[in-house]
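Fold and geometry: a report
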Amino acid sequence: MSSFLNKLPVWLKSLVIAFIILEGGTMTWGLLARTNIRLTPEIPWSGVVMLVILGLLIKYLGGWGPPEKTKKIRTLWLRLNSISGSSKPRVILSAVLLGFTLLLFTLLSWQLVSIEFGPLTQIQRIQHLPAWTIATLILTTSMVAGVVEEVAFRGYLQKPLEDRYGPLSAIILVAVIFTLIHLPGLTITPALLPIFLLGSLGWGVLAYLSNSILPGIIAHVALDAVGFFWIWLDNDNAKALANHSVLETGFDSLFLWTVGFLLFSLTALTLSFRSL
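Analysis parameters
Residues numbered from 1 in each chain as written. Predicted model: local features only at pLDDT ≥ 70, side-chain atom pairs only at ≥ 80, totals over all residues. Heavy atoms only, no water. Helix = DSSP H or I, 4+ residues; strand = E, 2+ residues; numbered from the N terminus. Rg over C-alpha atoms; globule rule 2.2 N^0.38 Å. Buried < 20%, exposed > 50% of the residue type's maximum accessible area, 1.4 Å probe, protein only. Contact = heavy atoms within 4.5 Å. Lys, Arg positive; Asp, Glu negative; His and termini not counted. Charge placed at Lys NZ, Arg CZ, Asp CG, Glu CD. Core = buried A, V, L, I, M, F, W, Y, C linked by side-chain atoms within 4.5 Å. Axes fitted to C-alpha atoms, helices over the stretch in contact; angles between N-to-C directions. Left-handed = near helix turned anticlockwise from the far one by under 90°. Nonpolar A, V, L, I, M, F, W, Y, C, P; charged D, E, K, R; others polar. Patch = residues over 30% accessible without salt bridge, like charges linked within 9 Å, V, L, I, M, F, W, Y side chains within 5 Å. Areas by Shrake-Rupley, 256 points an atom, 1.4 Å probe, with all protein chains shown as cover. Salt bridge = Lys/Arg side-chain N within 4 Å of Asp/Glu carboxyl O. Phe/Tyr/Trp six-rings, centres within 6.5 Å; stacked < 30°, edge-to-face > 60°. Expected span 1.5 Å × (residues − 1). Parallel < 35°, antiparallel > 145°, perpendicular 65-115°, else oblique.

With that out of the way, let us pick up the overall build of the protein. For the protein, the helix and strand inventory stands at 13 helices and zero strands. The order of helices and strands in the protein, counted from the N terminus, is α-α-α-α-α-α-α-α-α-α-α-α-α. On C-alpha atoms alone, the protein measures out to a radius of gyration of 19 Å, which is about the 19 Å that the 2.2 N^0.38 rule sets for 276 residues. Principal-axis analysis of the C-alpha atoms gives the protein an extent of 60 × 50 × 35 Å. Considering the protein as a whole, with its 276 residues, one finds that 47% of them fall into the buried category. Counting contacts in the protein only where the partners sit at least 6 residues apart, residues at least 24 apart contribute 76% of the total. Taking the average place of the 18 positive charges on the side chains of the protein and the average place of its 13 negative ones, the gap between the two points comes to 16 Å.

Here's what the structure looks like:
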């Protein structure tokens, strides 16, 4: 496998590795979650097991374990660098603003277009489970999505592309690929695809400017968790929002507040990125 990958051009090799990381992480969690729900729904053990697996995965992708000759490149491509020094507050602020901006974009999309949103159905399917189990599934799903996608796309895919083709080309290419893998299916509708494109561009810029995927992981996990918990705890309003469009019912105060906060957040995010 290693010799085969080494024969591939950099862009294709990094793409193959990224998809292996993505599919390996998401499929493992899917199997664990389904098994947990089927066998012992009252005990959410799958979350603990998956967090251990994630920890081992990150440790290996960061240079731990054989083969010795790939340790350096694994550490470089993972790009899980700590943020320190005077830039730390600005990086944290940028991550928070990015997550907030994407959350507002998502809320705006829900108000503009009547959509069938997969997570609504997913949450409804597990509503019968104990609250502790639902909360664990939501948190672990958010953690898996945030960690695996940032490691795969902003780490192992974007970093080698940056080194080969430059940051601008790398960030745009990764954003397009990231959006394509979220094409309409069980959880995504066409109206939400721009959110994934904008999100990937934002996380890609943040990873490049901070030289770390850590801020992106934090923002990504928090964004997914907030969205899932809102759908779970306020399911009726979430369904109502998804099933109505302000283009049909007229602009209301929620829409105007969302637009106002979004413009403010975009301005603040742009200034924050420029300071990095």
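After presenting the structure, the write-up continues.
I21, W110, V151, F153, Y156 and L157 are the most contacted members of the largest nonpolar core, which has 65 residues in total. For I21, the contacting residues outside a window of four places in its chain are L61, V148, V151, A152 and Y156.

What follows covers the packing of helix α8 (residues 167-180) against helix α9 (residues 193-210). Contact geometry of α8 with α9 gives a least axis separation of 8 Å together with a crossing angle of 145 degrees. Here α8 and α9 pass one another in a crossing that is right-handed. Only L193, F196, L197, S200, L201, W203, G204, V205 and Y208 of α9 make contact with α8, whose side of the interface consists of P167, I171, I172, V174, A175, V176, F178 and T179. Partitioned by chemical class, the residues of the contact of α8 with α9 number 14 nonpolar, three polar and no charged.

Turning our attention to a nonpolar patch on the surface. A cluster of nonpolar side chains, contributed by L168, I172, V176, L180, L183 and L197, occupies part of the molecular surface with about 540 Å² of accessible area. Structurally, L180 is set in helix α8. On the accessibility criterion, L180 (49% relative accessible area) is partly exposed.

With that settled, the discussion passes to the packing of aromatic side chains. Scanning the model with the defined rule gives nine aromatic pairs in all. Here W110 and W230 contribute two aromatic rings whose centre-to-centre distance is 5.3 Å and whose plane-to-plane angle is 50 degrees, an arrangement assigned as tilted. With W110 in helix α5 (residues 88-112) and W230 in helix α10 (residues 214-233), the pair connects residues that are 120 residues apart, well separated along the chain. With relative accessibility at 3%, the residue W110 sits in the buried group. By relative accessible area, W230 is classed as partly exposed at 30%. Connected via pairs of aromatic rings, a cluster forms that spans F19, F153, F178, F196 and W203.

With that settled, consider the pattern of salt bridges. For the coordinates displayed, the defined rule picks out four salt bridges. We note a salt bridge from E162 to R79, for which the minimum N-O separation is 2.9 Å. Here the residue E162 occupies a position in helix α7 (residues 131-165), and R79 occupies one in the loop between α4 (71-78) and α5, the gap between them amounting to 83 residues. With relative accessibility at 8%, the residue E162 sits in the buried group. Given the relative accessible area of 1%, R79 is considered buried. Salt-bridge contacts for E150 lead to R154; the nearest nitrogen and oxygen are separated by 2.7 Å. Of this pair, E150 and R154 are both found in helix α7, four residues apart, which corresponds to roughly one turn of the helix. Grouping residues by exposure puts E150 and R154 together as buried.

Bringing α8 into the picture now. Between its first and last C-alpha atoms α8 spans 20 Å; for 14 residues at 1.5 Å apiece the expected length is 20 Å, and the two agree. A170, I171, V174, A175, I177, F178 and T179 are the residues of α8 that are buried. Taken together, the buried residues of α8 touch α2 (10-39), α7, α9 and α10.

What follows concerns the packing of α7 against α9. In the contact formed by α7 and α9, the axes pass within 11 Å of each other and the chain directions differ by 60 degrees. It follows from the interaxial angle that α7 and α9 lie oblique. For α7 against α9, the interelement crossing comes out right-handed. Each of E150, R154, Q158 and E162 in α7 lies in contact with α9, whose residues at this interface are S200, W203, G204, A207 and Y208. The residue makeup of the contact of α7 with α9, split by class, is three nonpolar, three polar and three charged.

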